[in-house]
Amino acid sequence: MFIRNALFATSLAFTGVVAGVIFTATDEPWRKHQSEYYDAALGRAANQTVKDAIREAGLEIKQDRLTGVGPEARVDRCRTCHMAVDDPAFKDGKEPLRTHPEVKGHAFSEFGCTICHEGNGRAITEKEAHGTEDPHALEPILTAPYIESSCARCHPEPYLDETPHLKRGRELFEKYACVGCHTVRGVSRGTLGPDLTDVGNRWPLAYLRESILVPTANAPLSQMPQIKMPLQDVTDLVVFLKSRRGRTLVEDPITVRTKTRAWKEQTPPEVPVTVETGAEAVKRRACVACHKLGDEDGGLAPDLSFVGLVRTPEYIERHLADPRRDTPDSNMPNFWMAPTERQAIAKFLTDNKSYQAPASPAEQYKTLCVRCHGEKGDGEGPAAHNLVPRPRQFTNARFFDWLPKDRAWQAIRKGVPGTAMPPFEQVLTDEQAKALFAWVRQEFSGGDKPSKATARKLPERNPVAWTPEAFERTREVFRQRCFGCHGLLGDGKGPNAPDLLPRPRNLMNRPFLTPIDDLRLFESITYGVVGTGMPPWCPVTPGARQF
């Protein structure tokens, strides 16, 4: 009896499974769409012959083998649901039963749908074919305006008039100086950021859009600035980036390789070294996408309006040739330009030396300092997030109690080597620099305060001679005490660095470190640096005040 019941239950279960499979197979959405199409077409049929043909048509998966582009045939099953794409009677229909706008020279029988719209052409369900519900789909279906990116696969620059978003995205790639950091083969030669030559193949639209809006969203250590731009600009840039597929469908690999080699072998054009050509170069290189110059301001980098008073032409030429030579942590790109173009830019930027600093320290601070140090002196100026090391926080009273005044005045007048802090000695007199520092202290940290610091007896010069043994011993001490913040390489990127503000010092910054004497290094190591994460590495005398 038990065996009979078991067999009966198994039979019922099997019957249920078979019924479910049959029901699912006969109730697929595409069958419903085809039935609706035939019913609507039957009502619009002009004569009996057409009606008979419609009645005889059966429900079936429609597969198009396409050879319009490329040596390999593609397969589209899109018309299984989109039955009316080439039926003019459905121009007012609703998707998926709607006439597709005419694209001259692109017959559906040759080009199909996925060549432009992408998606999974072999799928017969909306979820799998469109891929819009799958966050990991690399080729979800493209709609307007993003579908314009597919046009570039066969129609490279100059882009078609029918692709305004693609054309504008290409212009914005220049306007926002993306060309300075990124390489796009045949377009730009940047080396600071990722190569975007085939970025359209590697990432979906959502990833590209998010990476522009919040660069650290997908790359936490990204140096790319968060550029404030209208959402329409973001959309058009994404259209252009999505069009970057490595090569077009009308180019074979050998042609691409030959063109790439010739492009790499090109040399930047020379220009006359004049103020006029320098102005043209500054505009062509979109310097104001980051910097401020006159009435234009990108809000991301230092003000160039009076750079002729704080930097020499030689410094500007050197900085354009290798931004990380004088400022090792700079995220300014290396522009592909001839020496004469760098000279012309330097000539233009240093041509204007008529700037006069305001009389009051408050106005001086507003003009010279706010961009980096912020209106509140908190080191959060508009350019601060793109500067390494970050600008000093003037709100840190303990730091200023410890900081020798002559060092502060020196920083204002002579600048801080290895950083974005320029020398203002041609802008401010010695007395003005002292008055400005006094105003900053009073405004942001309450002014001078009496201190009773412990007497510090430190050697003027390092008493330990360099030997291989001393070097190995010191390296071991560095690994034990310092690498957590400064990193094993001393580049300021240790595992604790992201949690510290200001960030640990980059000890590989030679322009900053070389001028510093042994006494200052001894002081920083022995007593720490007040207001930072740098701790004192000496015994603390009980009852003595430590800053």
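Residues numbered from 1 in each chain as written. Predicted model: local features only at pLDDT ≥ 70, side-chain atom pairs only at ≥ 80, totals over all residues. Heavy atoms only, no water.

Novice: Tell me what's going on with the overall build of the chain, and back it up with residues and numbers.
Specialist: A count of helical and extended segments in the chain gives 27 helices and six strands. The C-alpha radius of gyration of the chain comes to 33 Å, more than 25% above the 24 Å expected for a compact globule of 547 residues. Seen along its three principal axes, the alpha-carbon backbone of the chain occupies a region of about 105 × 85 × 50 Å. In the chain, which comprises 547 residues, the share counted as buried stands at 38%. Partitioning the intrachain contacts of the chain with sequence separation of at least 6 by distance along the chain shows that 55% fall at a separation of at least 24. By element, 56% of the accessible surface of the chain is carried by carbon and sulfur atoms, the whole surface being about 32,200 Å². Of the side-chain charges in the chain, 73 are positive and 70 negative, and the distance between the mean point of each set is 5 Å. (Helix = DSSP H or I, 4+ residues; strand = E, 2+ residues; numbered from the N terminus. Rg over C-alpha atoms; globule rule 2.2 N^0.38 Å. Buried < 20%, exposed > 50% of the residue type's maximum accessible area, 1.4 Å probe, protein only. Contact = heavy atoms within 4.5 Å. Areas by Shrake-Rupley, 256 points an atom, 1.4 Å probe, with all protein chains shown as cover. Lys, Arg positive; Asp, Glu negative; His and termini not counted. Charge placed at Lys NZ, Arg CZ, Asp CG, Glu CD.)

Novice: Help me get a handle on the side chain of Thr526, residues and values and all.
Specialist: With respect to the helices and strands, Thr526 occurs in helix H27 (residues 518–527). A relative accessible area of 17% places Thr526 in the buried class. One polar contact links the side chain of Thr526 to the main-chain carbonyl oxygen of Phe522, over a distance of 2.6 Å. (Polar contact = N/O pair within 3.5 Å; in protein donor to acceptor, adjacent residues only side chain to side chain.)

Novice: Could you give an account of the environment of Glu276, naming the residues involved and the relevant values?
Specialist: Mapped onto the elements, Glu276 comes out in helix H14 (residues 275–284). Spatially, the C-alpha atoms of Glu276 and Lys347 are 9.2 Å apart, while their sequence positions differ by 71 residues.

Novice: Could you give an account of the pattern of salt bridges, naming the residues involved and the relevant values?
Specialist: Taken as a whole and assessed by the stated rule, the structure comprises 23 salt bridges. With a closest N to O distance of 3.8 Å, Arg31 and Glu28 form a salt bridge. For Asp430, the salt bridge is made with Lys434, and the minimal N-O distance between the two is 3.5 Å. Remark: Lys434 and Asp430 occur in helix H23 (residues 430–445); sequence separation between them is four residues, near one turn of the helix. (Salt bridge = Lys/Arg side-chain N within 4 Å of Asp/Glu carboxyl O.)

Novice: Go over the nonpolar core with me, naming the residues and quoting the values.
Specialist: Core analysis: the largest hydrophobic core is formed by 38 residues, its most contacted members being Ile345, Tyr365, Leu368, Phe424, Val427 and Leu428. The set of elements that each furnish at least two residues to this core consists of H14, helix H15 (307–310), helix H16 (313–321), helix H18 (339–349), helix H19 (361–368), helix H21 (397–402), helix H22 (405–414) and H23. A total of five residues in this core trace back to one element, the largest contributor, which is H23. Setting aside residues up to four positions removed in sequence, Phe424 forms contacts with Phe306, Val310, Leu368, Ile412 and Arg413. Core analysis: the second largest hydrophobic core is formed by 26 residues, Leu142, Leu166, Tyr176 and Val199 among them. (Core = buried A, V, L, I, M, F, W, Y, C linked by side-chain atoms within 4.5 Å.)

Novice: Lay out the packing of aromatic side chains with the relevant residues and their values.
Specialist: A complete count under the given rule lists 14 aromatic pairs for this structure. Seen from their ring centres, Tyr37 and Phe90 are 5.0 Å apart, and the 35° between their planes marks the pair as tilted. Placement of the pair is Tyr37 in helix H2 (residues 29–44) and Phe90 in the loop between strand E2 (74–76) and helix H4 (108–111), with a sequence separation of 53 residues. When its relative accessible area of 12% is taken as the criterion, Tyr37 is described as buried. Residue Phe90 is classed as buried on the basis of its relative accessible area, which comes to 4%. Note on Trp439 and Phe444: the rings are 5.8 Å apart at their centroids and 85° apart in plane angle, and the pair reads as edge-to-face. According to the relative accessible area criterion, Trp439 is partly exposed, its value standing at 23%. (Phe/Tyr/Trp six-rings, centres within 6.5 Å; stacked < 30°, edge-to-face > 60°.)

Honestly, that's just the spatial picture; any functional story needs more than this.
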